[in-house]
Amino acid sequence: MEENLKIGICLRLLLLQKRNYQNKIKNMKRQKIVAGNWKMNLNFQEGRDLASEIIRSMGPTEVLAILCPPFVHLNHLSVLANGVSNLEIGAQNCHQVASGAYTGEVSASMIKSVGANFVIIGHSERREFFNESDNLLAEKVNVVLQNDLRPIFCCGEKLDIREAGSHEALVGSQLENGLFHLDSEAFSKVVIAYEPVWAIGTGKTASPAQAQEMHQFIRSLIAKKYGSEIAEATTILYGGSCKPDNASEIFSQPDVDGGLIGGASLKAKDFVAILGSFPKQ
Ligand code: 13P
């Protein structure tokens, strides 16, 4: 009898915990984000000046701005961003192992220790030039989350895949292999960036309709795997030749929640203009 009572109380506590978590997800508004991926650009002084100018010219905003500079900038930029509301710092990559004899690499815990809160994982340039596979990226996602950082997970197809009409299958497999091993709670910390490789640095943007179609598709996969509440709460960014003159049209699509910006994030004026490109609520 006493055993039954204990089991009953445990089950009730578990149920309450589940309900609290579901309510938390339900009340979450989708966060708008503009992240600047500086790639391998800007020395220390140039990076410091760019970040200071962005901070000076950023007005009050509900949009979360994230600066993702090369590693050498992380510490100083975190200090600059400290106390600035809606500004976070992120890294562009990390190693998949916690620590050890990996000369030249940087770990997730090191990134966390200097005050960054995000890490870009699986950018197409890392997939292409550093042979990063889906399996490796899944390991990186895990180590990022274990260190209380949030991954900005990139996916996207090359031109030949788009022309063959296989872009949905490719992006679906990138998500399945790189992210969908996570449980719901871990997945709810992930930001996704859809970056068609043919639009990166080429001046060729996906049309707003093409972006919307893929973002909607990605959200439908998340809904199938994690349920519609988590899918509705997931921020999905567009990346690829996003600039002040095309950002507002892209950001006005219902499933586009912001951008991951390359070239235009290296100019304070352009980056801040993109931050201000969301439709007024
Ligand atoms: P561009 O904005 O320069 O096309 O780069 C996009 C990108 O790769 C962001 O990660």
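See the structure shown above.
These lines cover the structure that appears in this document, whether it is placed above or below. Bear in mind that the values here come from a model prediction, so they are computed numbers and not experimental data. (Residues numbered from 1 in each chain as written. Predicted model: local features only at pLDDT ≥ 70, side-chain atom pairs only at ≥ 80, totals over all residues. Heavy atoms only, no water.)

## A few points about the site of the ligand
Reasoning step 1: Neighbouring residues of the ligand: Asn37, Lys39, His123, Glu195, Ala199, Ile200, Gly201, Gly240, Ser241, Leu260, Gly262 and Gly263.
Reasoning step 2: Lys39 places a side-chain nitrogen or oxygen 2.8 Å from an oxygen atom of the ligand.
Reasoning step 3: Protein contacts shield 96% of the accessible area of the ligand, which totals 300 Å² for the unbound molecule.
Reasoning step 4: For the shell around the ligand, the residue count by class is three nonpolar, seven polar and two charged. (Near = heavy atom within 4 Å. Polar contact = N/O pair within 3.5 Å; in protein donor to acceptor, adjacent residues only side chain to side chain. Areas by Shrake-Rupley, 256 points an atom, 1.4 Å probe, with all protein chains shown as cover. Nonpolar A, V, L, I, M, F, W, Y, C, P; charged D, E, K, R; others polar.)

## What to know about the packing of helix α12 (residues 244-251) against helix α13 (residues 268-275)
Reasoning step 1: Relative orientation of the contacting elements α12 and α13 amounts to 20°, with a least axis distance of 9 Å. If you check the angle between α12 and α13, you find them roughly parallel. Note that α12 runs across α13; the crossing there is right-handed. Listed contacts from α13 to Pro244, Ala247 and Phe251 of α12 are Asp270, Ala273 and Ile274.
Reasoning step 2: Here the residues of the contact of α12 with α13 are counted per class, giving five nonpolar, no polar and one charged. (Axes fitted to C-alpha atoms, helices over the stretch in contact; angles between N-to-C directions. Helix = DSSP H or I, 4+ residues; strand = E, 2+ residues; numbered from the N terminus. Parallel < 35°, antiparallel > 145°, perpendicular 65-115°, else oblique. Left-handed = near helix turned anticlockwise from the far one by under 90°. Contact = heavy atoms within 4.5 Å.)

## Focus: the environment of Gly59
Reasoning step 1: With respect to the element layout, Gly59 can be found in the loop between α2 (44-57) and β2 (64-68).
Reasoning step 2: Assessed through its relative accessible area of 39%, Gly59 is described here as partly exposed.
Reasoning step 3: For Gly59 and Leu74, which are 15 residues apart along the polypeptide, the C-alpha to C-alpha distance reads 23 Å. (Buried < 20%, exposed > 50% of the residue type's maximum accessible area, 1.4 Å probe, protein only.)

## Points about the pattern of salt bridges
Reasoning step 1: Counting across every chain of the model gives 13 salt bridges.
Reasoning step 2: A salt bridge links Arg30 to Glu232; the shortest N-O distance between them is 3.1 Å. Here the residue Arg30 occupies a position in the loop between α1 (2-27) and β1 (33-37), and Glu232 occupies one in helix α11 (residues 228-233), the gap between them amounting to 202 residues.
Reasoning step 3: A salt bridge links Lys140 to Glu132; the nearest nitrogen and oxygen atoms lie 2.8 Å apart.
Reasoning step 4: The class of Glu132 is buried, set by a relative accessible area of 7%.
Reasoning step 5: Taken together, the shared-partner salt bridges connect Arg30, Lys32, Arg219, Glu232, Asp255 and Asp257 into one network. (Salt bridge = Lys/Arg side-chain N within 4 Å of Asp/Glu carboxyl O.)

## Thoughts on the packing of helix α6 (residues 134-146) against helix α8 (residues 167-178)
Two measures define how a pair of helices packs: the angle their axes make with one another and the distance between the axes.
Reasoning step 1: Where α6 contacts α8, the two axes come as close as 8 Å, and the packing angle between them is 50°. Compared by their axis directions, α6 and α8 come out oblique. Note on packing geometry: the crossing formed by α6 with α8 is right-handed. Along its contact with α6, which presents Asp134, Ala138 and Val141, the element α8 presents Ser173, Gln174, Asn177 and Gly178.
Reasoning step 2: Residue classes in the contact of α6 with α8 are distributed as two nonpolar, four polar and one charged.

## With respect to the pairing of strand β6 (residues 191-194)
Every regular strand shows the same layout, with side chains that alternate between the two sheet faces.
Reasoning step 1: Here β6 shows no split at all, with Val191 and Ala193 on one side and Ile192 and Tyr194 on the other all buried.
Reasoning step 2: Summarising the sheet, strand β5 (residues 150-155) and β6 pair through four bridges and their orientation is parallel. Residue pairing for β6: Phe153 is matched across the bridge by Ile192.
Reasoning step 3: Two elements, β6 and strand β7 (residues 236-238), share three bridges in a ladder whose sense is parallel. Of the residues in β7, the one forming a bridge with Tyr194 is Tyr238. (Pairing = 2+ DSSP bridges.)

## Description of the nonpolar core
Reasoning step 1: Grouped together as the largest cluster of nonpolar side chains are 66 residues, with contacts concentrated most on Leu175, Leu179, Phe187, Ile192 and Ile222.
Reasoning step 2: The element that contributes the greatest number of residues to this core is helix α10 (residues 208-226), accounting for seven residues.
Reasoning step 3: Residues within four places of Leu179 in sequence aside, it is in contact with Val141, Phe153, Gln174, Phe187, Val190, Ile192 and Tyr226.
Reasoning step 4: Counting residues in each nonpolar core, the second largest holds 13 residues, with Phe118, Ile120, Ala193 and Leu237 among its members. (Core = buried A, V, L, I, M, F, W, Y, C linked by side-chain atoms within 4.5 Å.)

## Some thoughts on the packing of aromatic side chains
Reasoning step 1: Counting across every chain of the model gives four aromatic pairs.
Reasoning step 2: With a centroid separation of 5.7 Å and an interplanar angle of 85°, the aromatic rings of Phe180 and Tyr226 are classed as edge-to-face. Of this pair, Phe180 sits in the loop between α8 and α9 (184-187) while Tyr226 sits in helix α10, and the two are 46 residues apart along the sequence.
Reasoning step 3: Seen from their ring centres, Phe187 and Tyr226 are 4.3 Å apart, and the 15° between their planes marks the pair as stacked. Taken together, the residues span a long stretch of sequence, with Phe187 in helix α9 and Tyr226 in helix α10 at a distance of 39 residues.
Reasoning step 4: Judged by relative accessible area, Tyr226 falls into the buried class, the value being 11%.
Reasoning step 5: Here the aromatic residues Phe180, Phe187 and Tyr226 are joined through ring pairs into a cluster of three or more.
Reasoning step 6: The side chain of Arg126 reaches across the aromatic face of Phe130, ending 4.0 Å from its centre.
Reasoning step 7: The lysine or arginine in question, Lys225, covers the ring of Tyr226, its NZ or CZ lying 5.9 Å from the ring centre. (Phe/Tyr/Trp six-rings, centres within 6.5 Å; stacked < 30°, edge-to-face > 60°. Lys NZ or Arg CZ within 6 Å of the ring centre and 35° of its normal.)

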